[in-house]
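Each chain, written out:
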Amino acid sequence: MSLQAASSIATSALLTTQVQLDLASANIANADTAGYTRKTATQVSLVTGGSSSGTAITGITGNVDRLLLKSLVGATTQLGAATATESYADQLQSLLGSTTDGTGGTGTSLANTIAALETALGQLADTPESDTLKAQAVQAVDAVAAQLRSTSAGIQGLRGDADATIASDVGTVNDDLATIHDLNGAIAQAAARGDPTADLEDQRNTALQDIATKMDVAYYVDGNDQMKVYTSGGQPLLDGQVHELSYAAAATVTADTSYAAGAASSGISAVTVDGTDITGQIRSGDIGALITQRDSVLPAAQDQLDTLAQGLIGALNAAHNQGTAVPAPTSLTGTTTTSASAAFSGSGTVRLAVTDSSGNLVSSGDLDLSAYATVGDLVGAINGISGLSASIDSLGRLTISSTNAADGVSIAGSGDTVGSAGQGFSDWFGLNDLLTGTGASDVAVRADILATPSLMATASLSATGKPATGSQVITSGSSTIATALASAMTGSRTFAAAGSLGLTKTSFADYASDIVSTIAMAAAQASGALTTKTSAQSALAASLSSETGVNVDQEVARLSQLQNIYSGAGQVLATVNKMFDALMSAVSTT
């Protein structure tokens, strides 16, 4: 071997070792960098004329196990979904309050508030003439209504939060798609130049996993090392170009706001790509879980609350409409919207009485409800009772008033049923409701009763016999209505299927407990699922890291080994140089 060849081999050894040293140093420096994988150089021996002529680096790779990476991407998607689900399940459970206060005392759950209402009405039934107990009962009813409203508002707030987060996540996905697109281009350019692409591939894999936390996607890397990304349903998100997701969060989210595929006026828009609705294709990841919470889980909880609230409204109003305050109110205005020409279908009889401030009868009239074909016919009949006037106001509500401002109006039915649901006369028109509203979002104690609890009806007019004018027909000491209100709360009633709760017959407190326990169970399951998904994702991440991550101890040992190689090559080169010098000296001396 000539000195020139030896010098060339030693120089190539120095150069390739320098590259290896650079790689080892970079591996150590990036050991804690997210997404970084250990880089290795492919070193080959150069042969010229059948003899070794040195070494060369032919490539630098990251050696990522693509099957393991695909498994990790899938696990990351499931973890994203589990994280969002657990968070919302926990927040929903908090909205419903706790069953205990942590010290063995009464908690703040809706069931506890309803139980407090049962107690208040039971005490009022024992002493119906007590204004203090009336005030406490009204306060207890208001507490239940307020908790239903606040819980409903909280549920819609969570839906709004989910909707806004979906919009934010869509922006993140679009940013990551653009990043992968740019990296595809950079990788192609680097490959064309013969430069290593491993670091760029690491960055691309990191962007892919970021997308995976937001939504489930399918992807592959083609023969030109270009990554393609699709929805789970096959809609292209990144092929030769980026197909951005489009989504606009709803301005407001209420119980009436919903998403419906293909319905432009649903209130919540669709996630689209190139005009195609892909909402149904996103089944996992943060976005998938948020769509489920917004459109299924939280509306189901709202349905259960509405079922409870509507039951309370119906039951308490049915009982309250059988009674009257003492003294009776001068005027009663219904809540049902009707008209004079509206068909009327009723049976049984109803007594309408005019009473003075002491509850003594001024005048009365009994009406056979089967005798009237329209609401207008009924209004005419009421106007025929001495001391009363009736009309349909501008809002379509029946109003019955005493013609003497000093007197009041009382109503009592006997076998009276109106409409298909068989409600009593006063209840059907809503002439003396205790609660207003149509569901959990707007249920409330009637404003005048809330302001003046003594207006709560605890007295009742008898519909039997024929009382004499001047006789006392309503008294504040009657427990009939308070008992009916208490019984409405404690008795069993049928609740229609709502959310995950099936058709059932139980009390209000027990139904509220069922809601609370169902949501608590869902929260526990979500917490368990999060633990499982976290373990699975962590295990896969550890496997990938073990296979492609940086072992600092090994890299340090490698540095020591490379240092020896570098030193040896340097010594060879120095020796060759000395030999060159000696040779040149001998030649010059000769």
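What you see is a predicted model; the values in this text were computed from it and never measured.

Caption draft 1: A look at the overall build of the protein chain. Within the protein chain one finds 12 helices and 18 strands. Taken over the C-alpha trace, the protein chain has a radius of gyration of 40 Å; the compact-globule value for 590 residues is 25 Å, which it surpasses by more than 25%. Projected onto its principal axes, the C-alpha coordinates of the protein chain cover approximately 155 × 55 × 35 Å. Within the protein chain, the proportion of its 590 residues that are buried is 43%. Counting only contacts in the protein chain whose residues sit at least 6 apart along the sequence, the fraction spanning at least 24 positions is 67%. A gap of 5 Å separates the mean positions of the 22 positive and 51 negative side-chain charges of the protein chain.

Caption draft 2: View of the sheet that holds strand 6 (residues 245–246). Strands sit in the order 6-7-8 across an open sheet of 3 strands; the sheet is antiparallel. Looking at which strands have only one partner, the edges of the open sheet turn out to be strand 6 and strand 8 (276–277).

Caption draft 3: The pattern of salt bridges, seen in detail. Taken as a whole and judged by the stated rule, the model has 13 salt bridges. The residue Asp169 makes a salt bridge to Lys214 at a minimum N-O spacing of 3.5 Å. Here Asp169, found in helix 4 (residues 131–193), pairs with Lys214, found in helix 5 (residues 198–214); they are 45 residues apart in sequence, far enough to count as distant. Taken individually, Asp169 and Lys214 each receive the classification buried, so the pair is uniform in this respect. Arg193 is the salt-bridge partner of Asp195, the closest N and O atoms lying 2.8 Å from each other. Note on Arg193: relative accessible area 55%, which makes it exposed.

Caption draft 4: Quick look at helix 10 (residues 480–490). Buried within helix 10 we find Ile481, Ala482, Leu485, Ala486, Ala488 and Met489. Angularly, the buried residues of helix 10 cover 155° about the axis, an arc narrow enough to put them on a single face. Looking at the packing, one finds that the buried side of helix 10 touches helix 3 (110–126), helix 6 (285–320) and helix 11 (508–548).

Caption draft 5: Representation of the packing of helix 3 against helix 10. Following both chains from N to C, one finds helix 3 and helix 10 inclined at 155°, their axes separated by 8 Å at the closest point. As far as their axial angle goes, helix 10 and helix 3 are roughly antiparallel. In this structure, helix 3 meets helix 10 at a crossing whose hand is left-handed. Between helix 3, through Ile114, Leu117, Glu118, Leu121, Gly122, Leu124 and Ala125, and helix 10, the contact on the second element is made entirely by Ala482, Thr483, Leu485, Ala486, Met489 and Thr490. Classifying every residue of the contact of helix 3 with helix 10 gives 9 nonpolar, 3 polar and 1 charged.

Caption draft 6: Structural view of the nonpolar core. Among the nonpolar cores identified, the biggest contains 91 residues, and Ile114, Leu121, Leu148, Leu245 and Leu308 are the most heavily contacted of them. Per element, the largest residue contribution to this core is 16 residues, and it comes from helix 4. Formed by 24 residues, the second largest nonpolar core is a distinct cluster that contains Leu332, Tyr372, Val375 and Val379.

Caption draft 7: Region of the structure containing the sheet that holds strand 9 (residues 331–333). As summarised here, the arrangement of the 3 strands in space is 9-13-12, forming an open sheet in which the pairing is antiparallel. Sheet topology places strand 9 and strand 12 (388–392) at the edges, where each strand pairs with a single neighbour. For this sheet, the mean angle separating the axes of adjacent strands, direction not counted, is 10°. Strand direction decides the pairing type here: strand 12 and strand 13 (residues 398–402), joined by 5 bridges, are antiparallel. In the sheet register, Ile392 faces strand 13, and the bridge partner there is Leu398.

Definitions and limits used
Residues numbered from 1 in each chain as written. Predicted model: local features only at pLDDT ≥ 70, side-chain atom pairs only at ≥ 80, totals over all residues. Heavy atoms only, no water. Helix = DSSP H or I, 4+ residues; strand = E, 2+ residues; numbered from the N terminus. Rg over C-alpha atoms; globule rule 2.2 N^0.38 Å. Buried < 20%, exposed > 50% of the residue type's maximum accessible area, 1.4 Å probe, protein only. Contact = heavy atoms within 4.5 Å. Lys, Arg positive; Asp, Glu negative; His and termini not counted. Charge placed at Lys NZ, Arg CZ, Asp CG, Glu CD. Pairing = 2+ DSSP bridges. Salt bridge = Lys/Arg side-chain N within 4 Å of Asp/Glu carboxyl O. Arc of directions from axis to C-beta. Axes fitted to C-alpha atoms, helices over the stretch in contact; angles between N-to-C directions. Parallel < 35°, antiparallel > 145°, perpendicular 65-115°, else oblique. Left-handed = near helix turned anticlockwise from the far one by under 90°. Nonpolar A, V, L, I, M, F, W, Y, C, P; charged D, E, K, R; others polar. Core = buried A, V, L, I, M, F, W, Y, C linked by side-chain atoms within 4.5 Å.

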